[in-house]
Each structure stands twice: as C-alpha cells, then as structure tokens.
Amino acid sequence: MSTSKRFAKNSLALTIASLSITFLGAIYRIFIAKYLGDVEFGKYSFITTYVSYFSALSLFGLRYVITREVARSPEKCPSILRESIKIRGLTTSLAFGSAYVILLFLGKGTDVQVGVFIYGLSLFAVAAMDIVEGLIVAREASFYITISALVSNALKIFIGITALALGYGLMAILVIYLAISILNTSLSWWFCHIVFSDVRSTKSRPDPHLRQFLIHESIPFLFLALLSRVYYKNDIILLSIFKTDRIVGWYSAAYLPVDALLVVASSISLAAYPLMSKLFGEDSNNLKNFSNSLSKYLLMLFIPVAITLTAVGPQLMRLIFGKSYATAMPVLQLLGWMPVAEVVTCGMGNVLSATYNQQITARVTVLNAAINLGICLLLIPKYSYWGGAIGTVVSAYITLAIVTWVVNRHILKVDWLSNIVKPLVCALFALAALLLAANSIGPWLSWLIGLATFAIATLVTGTFRRYDRDLILSIFRKSRTSE
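Residues numbered from 1 in each chain as written. Predicted model: local features only at pLDDT ≥ 70, side-chain atom pairs only at ≥ 80, totals over all residues. Heavy atoms only, no water.

Section: the overall build of the chain
- Of regular secondary structure, the chain possesses 15 helices and zero strands.
- Counting all 483 residues of the chain, 55% fall into the buried class.
- Considering only residue pairs separated by 6 or more positions, the chain has 85% of its internal contacts joining residues 24 or more positions apart.
- For the chain, the accessible area works out to roughly 21100 Å², and carbon and sulfur atoms hold 68% of it. (Helix = DSSP H or I, 4+ residues; strand = E, 2+ residues; numbered from the N terminus. Buried < 20%, exposed > 50% of the residue type's maximum accessible area, 1.4 Å probe, protein only. Contact = heavy atoms within 4.5 Å. Areas by Shrake-Rupley, 256 points an atom, 1.4 Å probe, with all protein chains shown as cover.)

In structure tokens, the structure reads:
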C-alpha cells in the first residue's frame, strides 16, 4: 500500500474515533451543561481541566517514544510494554498525589475536592490505555481504537444521560467517567493482543538500558506535554481564579467546538507520526514532501470550518445551550480560528519528534507557553472570557510562525509560501467577504459567500491545483492493486 493510501487509512480510522468521541462527547456535555446549570458546569470544567494538567506527568511523554520505536521494530513490543507499564505506574501515582495535595491550597470547596479525587483516579486507567493505543498506532491498525472509542463513549453517553435524567449530579458524572475509562482500557488491551499476534518477539536477553532509554527519550515529550497544558488550558484555569464558576461555564460551552476540532487535529497528527518516523529513516526528501503537502491540506480542511463558526457558530450554540449561556457565545467567532493554526503546528511538531529533535520542540514550547500565559494574564482580569479568547488565538498564530521557522531552519525546507501563507491569505479574503455581507444579508447567506470566496481564492491563487485534486481522488479511489 502506498504511503498516501496508508496514511489516509490510518488517519481516517483515528479521525473517526476522534469524531465519535467528539460528537458523542459534545452531546454529553450539552446535557451536562443543561442539567447541571452554568455554575455546576463551571465546576465540572475546572475539575476536568485541572486534572488534565497532571495527566501530562502521568503519561510522561512515553507514547511518542513507544510509537516511534515499535513502528520501526515491532518485535521489541513486549519489552517496551513491560518497561512502560513500570514507568507509568510510578508517574501516575506521583501525578495523582500531587494533584490532590496542591488542590488543598487552592481554597476550593469540598465538592470540588471530592470531584478531583474521583476524576483523578481515572489517570491510572488512561495511563494504561495510552500505552496500548500507542502500540496499536505503531502497527497502523487504528481502526481498533475506533471500535473501542465508539463502544466506550456510547455507553458513557447512555449511562450518563440516564443518571442526569434521574436527578444525579456532578459526582455521578465523574464516577461514570472513571468506570468507562476502565472499560475502554480493557478493550484496548484485548485489541492490542490481536494486533501483535503475528509479531514474534526477539529471543535476545532483556536490554538493561531500555528503561533508561525510554525515560531519557520521554523527558522532552513530558516537558512538552506539561507546557502544552499551560498553552491550551490556562485560559480556563485563569478564568476560574480571576472570575466566577458561572463565567467559566459560559466560556467552556463556547469552547466546545474548538475542543472538538483540536481532537480531530490531534488524531490526524497521531496518524501521521509513525509514517513520518519511517520516512525519516528512508528518505528525507519524502518526509519533506509529505510534511509540506500535509500542512496545506490540513489548512484547506480546517479553514472552511472556521468560516462556518464565524458566520453561524454563535447562533447554533445559543440554540443548543439556551439563553443562560448566550452571553459568551459570540466569542466563538474568534476562537474558531485557533485550530486552523494549531493543526499545522501539530504537524510541524511531529516533524521534530520523528527526527529525534524533541528537545527543540520542548524549547520552542517554553517560549510559546510563556507568550500565551503572559497575554492571558494581561487580558483576562480586565476583559474576562474575551481576554482568554484573544490570548488563545494570538498565541496560536505566533506559535505557528515560530515552529515553522524552526523546522525550516533545522530540519527540512518548508514551502511556507505555497502551503501555509497562500491558504491563510485565501482565508482572509473569505473572512472579509463574510463580514461585509453579514450586515446586509444575514449570517446564513454570508456563510455561503464566505465559503464560495475561499474556494474561488484557492483556485485563483493556485493554492489548490489539478495535482492536488488528482492526489486526493487517488487516495480514496478503490484499487485492487493498492494492497
């Protein structure tokens, strides 16, 4: 199977999994928001965001190392699995303990403390599941992850909505998440056994340096993950510190589509990573071509979504969540443009990781996290959720510029003009047309004008060419010779 077809298949499987999680999760959070109300939903958002900070320590950056090494040497899977479990057991215990101890100094109520304890227990199940999913992705068998995600999330939605309808509150939702995390982990372990059933492990003696190697290679990824939590979610934490639970609830509801897009971006990035790792070992020119094309196609995919959120996002979200959340919904028009930059940044980060330059990624992320945190600290106290949105979006594009420059300088030649600048310029034309039309013809017709303008601009500027059309068609065209 060709590289493009193999990537499309793996990416599609992971994207379906992420979309199932995202779609079902969105429905679930809508019910949670409506049944709990904006104040309790604000507490829910704080609990999940707070624990996610410590999940970085729990996961310890191992997944990227596991996927990279097993993609190149599948026979090493048993030994890598054993050592990874030992490392994760220690890091997850440390993360869980740290989360609860630090919470005691934040002055949160008893309900939040109990919620963090319950939700934090899921770190152990997620840590195990993450190892197994990394192994499955390394074998490019991501459809198994799709099955596990669909089953687990369907059960979570059904049980959770039933509990809400029966009058159970925040604690019940957190307990259900913990139980489903354990189930999802069990399914993933079973699927991993199936995926590696045809792989024979090496008969050589265990490598006494393997654990040290895994830890050494993972530390930059750990550092990167910790900083990414600051980069992605500091707006929620800062809002909870400077503002009220109600405002956190409003902002979290408006952020829901952005979360969904970031999950999809992450899935595509995960699918690309093992291929990039292989291409680096085979032909650096192929890695360059793959990375450049991926950047452009991801922008072409995410920009129309951002146009949609700008045009009709607030109206749709107000309709879904109701009047109690309507105040903050216009902020979605700005937040929708954050994933456009972030999806390309993820791809560039993969290039650095696949070429054993995760240390550079960590240093870049330090700078980006500092910029993001500084802007949010400056704006949130005065401008509330609008300050959080501005800080999030502005820092996302600064990050894109920095990481593109770093990859171009240290790793491979980035065709930034054709594959990044041109699509973004087309997006600016579309956004201008949309905003000019919105005042006179309303949001829905202006949305169509924005999409049409973007499509025409990509053709006029040569951003989308016949070669691109033929390549995309060839990926999804059925062919007996592809296997």
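Some words on the pattern of salt bridges
- Counting across every chain of the model gives 11 salt bridges.
- A salt bridge links Lys 43 to Glu 40; its shortest N-O distance comes to 3.2 Å. Residue Lys 43 and its partner Glu 40 are both found in helix H1 (residues 3–59); the two are separated by three residues, about one turn of the helix.
- For the salt bridge of Arg 68 with Glu 217, the shortest nitrogen-to-oxygen distance reads 2.8 Å. Taken together, the residues Arg 68 in helix H2 (residues 62–72) and Glu 217 in helix H7 (residues 210–242) connect sequence positions 149 residues apart. (Salt bridge = Lys/Arg side-chain N within 4 Å of Asp/Glu carboxyl O.)

Examining the layout of surface pockets
- By volume, the second largest pocket amounts to about 380 Å³.
- Listed by contribution, the elements that provide at least two residues to the lining of the second largest pocket are H1, helix H8 (245–282) and helix H9 (284–321).
- Considering every element that reaches the lining of the second largest pocket, the biggest residue donor is H9, with eight residues.
- Of the residues assigned to the lining of the second largest pocket, the class counts are 16 nonpolar, three polar and one charged. (1 Å grid on protein atoms, 1.4 Å probe; cavity = no way out; pocket = protein on both sides within 12 Å on 5 of 7 lines; lining within 4 Å. Points joined across faces, edges and corners; volume = space filled by probe spheres on them. Nonpolar A, V, L, I, M, F, W, Y, C, P; charged D, E, K, R; others polar.)

Some thoughts on helix H14 (residues 443–460)
- Taking 1.5 Å as the rise per residue, H14 with 18 residues should run 26 Å; its terminal C-alpha atoms sit 25 Å apart, in good agreement.
- Regarding H14, the residues found buried are Ser 446, Gly 450, Phe 454, Ala 457 and Thr 458. What you see down the axis of H14 is that its buried residues fit within an arc of 110°, all on one side. Along H14, exposed side chains directed more than 90 degrees from the buried face belong to Ile 456, Leu 459 and Val 460.
- Trailing H14 by a residue or two, Gly 462 shows a phi angle of about 75°, which is positive. (Expected span 1.5 Å × (residues − 1). Arc of directions from axis to C-beta.)

Some words on the state of the cysteines
- Applying the stated rule across the entire model yields zero disulfides.
- Here Cys 77 stays free of any disulfide, with the sulfur of Cys 192 as its closest cysteine sulfur at 5.3 Å. (Disulfide = S-S within 2.5 Å.)

Concerning the environment of Leu 150
- In this fold, Leu 150 is placed in helix H5 (residues 143–165).
- Judged by relative accessible area, which is 39%, Leu 150 ranks as partly exposed.
- When the C-alpha atoms of Leu 150 and Asn 184 are compared, they prove to be 9.7 Å apart, with 34 residues separating the residues in sequence.

As for unusual backbone geometry
- A positive phi angle is found at Phe 60, which is not glycine, with a value near 60°.
- Summarising the element assignment, Phe 60 is placed in the loop between H1 and H2.
- If you check the backbone angles, Ser 384 has positive phi at about 55° while not being a glycine.
- Topologically, Ser 384 is positioned in helix H12 (residues 358–410).
- Classification of Ser 384 by relative accessible area gives buried; the value is 11%.

Here we look at the side chain of Asn 350
- Here Asn 350 is to be found in helix H11 (residues 338–354).
- Of the residues examined, Asn 350 reaches a relative accessible area of 2% and is grouped as buried.
- Those residues within four positions of Asn 350 in sequence are excluded, and the remaining contacts are Tyr 64, Ser 269, Ala 272, Tyr 273 and Met 276.

Things to note about the packing of helix H13 (residues 416–441) against H14
- Contact geometry for H13 and H14: axes closest at 8 Å, N-to-C directions at 155°. Taken together, the axis directions place H13 and H14 in an arrangement best described as roughly antiparallel. As H13 packs across H14, the resulting crossing turns out to be right-handed. Contact residues: H13 offers Pro 423, Cys 426, Ala 427, Phe 429, Ala 430, Ala 433, Leu 434, Ala 437, Ala 438 and Ile 441, while H14 offers Pro 443, Leu 445, Ser 446, Trp 447, Ile 449, Gly 450, Thr 453, Phe 454, Ala 457 and Thr 458.
- When grouped by side-chain class, the residues that make up the contact of H13 with H14 number 16 nonpolar, four polar and no charged. (Axes fitted to C-alpha atoms, helices over the stretch in contact; angles between N-to-C directions. Parallel < 35°, antiparallel > 145°, perpendicular 65-115°, else oblique. Left-handed = near helix turned anticlockwise from the far one by under 90°.)

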